[in-house]
Amino acid sequence: MVTPENVNSIYRLYNKVSLWLIAAALLIGLLAIQVVSSFWLVKSLLFTAAYSLVVTIVYGRCWKSVALRSPNVLTRFYMAASTLKMILALVVILVGMVVLRASKPQLLGFVGIFAGFYLLLLIFDSVFFARVEKNKKNYK
C-alpha cells in the first residue's frame, strides 16, 4: 500500500535526482561549448536547463498530488502529463525557431540542445516511474 510518507520520499528522490541530472547535463554542455568555442550557445543551454528544471518541478508536484489523492489514475496521469510535456516542448521549439530564424547555426544549436535535454528527461521519467510502479506492485 502506498502511504503519504512513501509518496513524499519518492517525490523528494525524484526532485533530487532530476536536479542532479539537469546540473550534470548543464555542466557537460558548458564543457562541450568551451571545447568547441561556440560561446553563442550558452544562452540556449541556460534557457534549456531552466526550462527543464521548471518542467520537472511542476511534473513532480503534479505527480505527488495525484499519487496522494487518487493513486488509481496514475497511469492516465503518466500518459496525459507526457503528452502535455511533448506539446509544450514543441511550442517552445517553434517559438525558438521564430526568435532565432536569422541565424541558422544558433537555431540548430538550440534545437539540438533542447532535444538532448528533452530526451534525457524523458528517459529518466520513464525509468524512474516504471521502477516506482513496479515496486508498488511488488508490495501488494
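In what follows, the accompanying structure is described.

## Observations concerning the side chain of T56
Relative to the helices and strands, T56 resides in helix 2 (residues 42-69). The contact partners of T56, leaving out residues within four places of it in the chain, are Y14, N15, S18, I22 and L121.

## Description of empty space enclosed by the protein
Applying the stated criterion to the full structure yields one cavity of 30 Å³ or more. In terms of lining residues, the largest cavity is bounded by Y51, S52, V55, T56, K85, F114, F117, Y118, L121, L122 and D125. Those elements that place two or more of their residues in the lining of the largest cavity are helix 2 and helix 4 (104-139).

## What about the pattern of salt bridges?
For the structure on display, the rule yields one salt bridge. Between K85 and D125 there is a salt bridge whose closest N-O contact spans 2.3 Å. Linking K85 in helix 3 (residues 74-99) with D125 in helix 4, this pair joins segments that are 40 residues apart in sequence. Overall, the relative accessible area of 6% leaves D125 in the buried class.

## Describing unusual backbone geometry
Phi is positive for S37, which is not a glycine, with a value near 55°. Inspection of the secondary structure puts S37 in the loop between helix 1 (4-36) and helix 2. Exposure remark for S37: the relative accessible area of 48% places this residue in the partly exposed category.

## Regarding the nonpolar core
Y59, W63, L74, F77, Y78 and F129 are the most contacted members of the largest nonpolar core, which totals 15 residues. Other than its neighbours up to four places away in sequence, Y59 contacts Y14, F77, Y78, A81, K85, D125 and F129. Counting residues in hydrophobic clusters, the runner-up holds ten residues, among them I22, I33, L45 and L121.

## Overview of the environment of L31
By the secondary structure assignment, L31 is in helix 1. It is 31 Å that separates the C-alpha atoms of L31 and I10, two residues lying 21 residues apart in sequence.

## Structural notes on the packing of aromatic side chains
Under the counting rule described, the total for this entry stands at 14 aromatic pairs. Between Y51 and F114, the aromatic rings sit 5.0 Å apart at their centres with planes inclined by 45°, giving tilted as the arrangement. Separated by 63 residues along the polypeptide, Y51 in helix 2 and F114 in helix 4 bring together distant segments of the chain. In this structure F114 comes out as buried when scored by relative accessible area, which is 2%. Here the aromatic rings of F110 and F114 are separated by 5.7 Å at their centres, their planes lie at 40°, and the arrangement is tilted. With F110 and F114 both in helix 4 and four residues apart, the pair spans about one turn of that helix. One exposure class covers both F110 and F114, and it is buried. Here the aromatic residues Y14, Y59, W63, F77, Y78, F124, F128 and F129 are joined through ring pairs into a cluster of three or more. Over the ring of Y59 we find K85; its NZ or CZ atom is 4.2 Å from the centre of that ring.

Cut-off values and rules
- Residues numbered from 1 in each chain as written.
- Predicted model: local features only at pLDDT ≥ 70, side-chain atom pairs only at ≥ 80, totals over all residues.
- Heavy atoms only, no water.
- Helix = DSSP H or I, 4+ residues; strand = E, 2+ residues; numbered from the N terminus.
- Contact = heavy atoms within 4.5 Å.
- 1 Å grid on protein atoms, 1.4 Å probe; cavity = no way out; pocket = protein on both sides within 12 Å on 5 of 7 lines; lining within 4 Å.
- Points joined across faces, edges and corners; volume = space filled by probe spheres on them.
- Salt bridge = Lys/Arg side-chain N within 4 Å of Asp/Glu carboxyl O.
- Buried < 20%, exposed > 50% of the residue type's maximum accessible area, 1.4 Å probe, protein only.
- Core = buried A, V, L, I, M, F, W, Y, C linked by side-chain atoms within 4.5 Å.
- Phe/Tyr/Trp six-rings, centres within 6.5 Å; stacked < 30°, edge-to-face > 60°.
- Lys NZ or Arg CZ within 6 Å of the ring centre and 35° of its normal.

Function cannot be inferred from these measures alone, as they are strictly geometric.
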